[in-house]
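Understanding the architecture of this molecule
Take a look at the letters that make up each chain.
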Amino acid sequence: MASISESHCIDKRRIFVTGFSRGGYFANQIACWRGNVIRAVASNGSGGPYGAAGAKYDNKGNLACPTPGIAAIAFHGANDSPAEGQKTLDHFARANECPDKTKQTDVAPSPCKSVTGCAAGKPVVWCLVPGLGHTIWPESNQATWDFFSKL
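Now for a quick tour of the structure. (Residues numbered from 1 in each chain as written. Predicted model: local features only at pLDDT ≥ 70, side-chain atom pairs only at ≥ 80, totals over all residues. Heavy atoms only, no water.)

**Brief notes about the environment of L132**
By secondary structure assignment, the location of L132 is in the loop between β8 (124–129) and α4 (140–149). Its relative accessible area of 12% is what places L132 among the buried residues. Placed 52 residues apart in sequence, L132 and D80 show a C-alpha to C-alpha distance of 7.1 Å. (Helix = DSSP H or I, 4+ residues; strand = E, 2+ residues; numbered from the N terminus. Buried < 20%, exposed > 50% of the residue type's maximum accessible area, 1.4 Å probe, protein only.)

Structure follows, in structure tokens:
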């Protein structure tokens, strides 16, 4: 970021990461380890974040990121190992102090749901798409832009 900042104008308050598949895992990792720099993350067909060398865990065995939680939206196909996407939801709901990840409200586009009661400025949105396999959901581009633009 320092290198790019030398030649480009960057609003350091609006840095977002996104990715699909392994790129989504990587985006979730960056969100965990660089949450003090990143504003929000959008991941598609991925999971995590996961521990790395030197990672710390809480007394329940959950990854404790070294930086605060950030706003997150995750898209996952119901036919694409949904347990991996569930781990992303679980992590960001915990990191963003959402009292109960099962309390969700519908948001556009359907079937997306927003976890209620999360810390201010740190929404968590989960989109488990019926019938979708390991591919980018066509609605995710607009949904990601809409999510990021509200932050």
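**Focus on α4**
Here α4 has its buried residues at S140, A143, T144, F147 and F148. All buried residues of α4 lie within an arc of 130° about the axis, which places them on one face of the element. Every exposed residue of α4 that faces more than 90 degrees away from the buried side is listed here: N141 and W145. Considering only its buried residues, α4 is in contact with β1 (16–20), β2 (40–44), β5 (71–77) and β8. (Arc of directions from axis to C-beta. Contact = heavy atoms within 4.5 Å.)

**Comments concerning the side chain of S46**
As for its placement among the helices and strands, S46 is situated in the loop between β2 and β3 (56–57). Aside from chain neighbours lying at most four places away, what touches S46 is S21, G24, Y25, N28, H76, E84, G85 and T88.

**A closer look at the pattern of salt bridges**
On inspection of all chains with the given rule, the structure shows four salt bridges. Where R13 meets D11, a salt bridge forms, and the shortest distance between an N and an O atom there is 3.2 Å. As a salt-bridge pair, K101 and D90 come within 3.2 Å of each other at their nearest N and O atoms. In this pair, K101 sits in the loop between α3 (82–95) and β6 (104–106) while D90 sits in helix α3, placing the two residues eleven residues apart along the sequence. Among the residues examined, K101 registers a relative accessible area of 32% and is labelled partly exposed. (Salt bridge = Lys/Arg side-chain N within 4 Å of Asp/Glu carboxyl O.)

**Some words on the pairing of β2**
Across a regular strand the side chains alternate sides, sitting on one face of the sheet and then on the other. When you tally the buried positions in β2, you get five out of five residues, the bulk of the element. Here β2 shows two buried faces, one formed by A40, A42 and N44 and the other by V41 and S43. Pairing of β1 with β2 involves five bridges; the strand directions are parallel. Within the sheet, the bridge partner assigned to F20 lies in β2 and is N44. This β-α-β element, β1 to helix α2 (residues 22–33) to β2, shows right-handed connectivity. Bridge count for β2 against β5 is five bridges, and the pairing is parallel. Following the sheet pairing, A40 is matched in β5 by A71. (Pairing = 2+ DSSP bridges. Right-handed = clockwise from strand over helix to strand, strands pointing away.)

**Observations concerning unusual backbone geometry**
With an omega of -5°, the peptide bond running from A108 to P109 counts as cis. Within the element layout of this structure, P109 appears in the loop between β6 and β7 (113–115). The omega torsion of the bond from S110 to P111 falls at 20°, within 30 degrees of zero and hence cis. Topologically, P111 is positioned in the loop between β6 and β7. The residue S81 is not glycine, and still its phi comes out positive at about 45°. With respect to the element layout, S81 can be found in the loop between β5 and α3.

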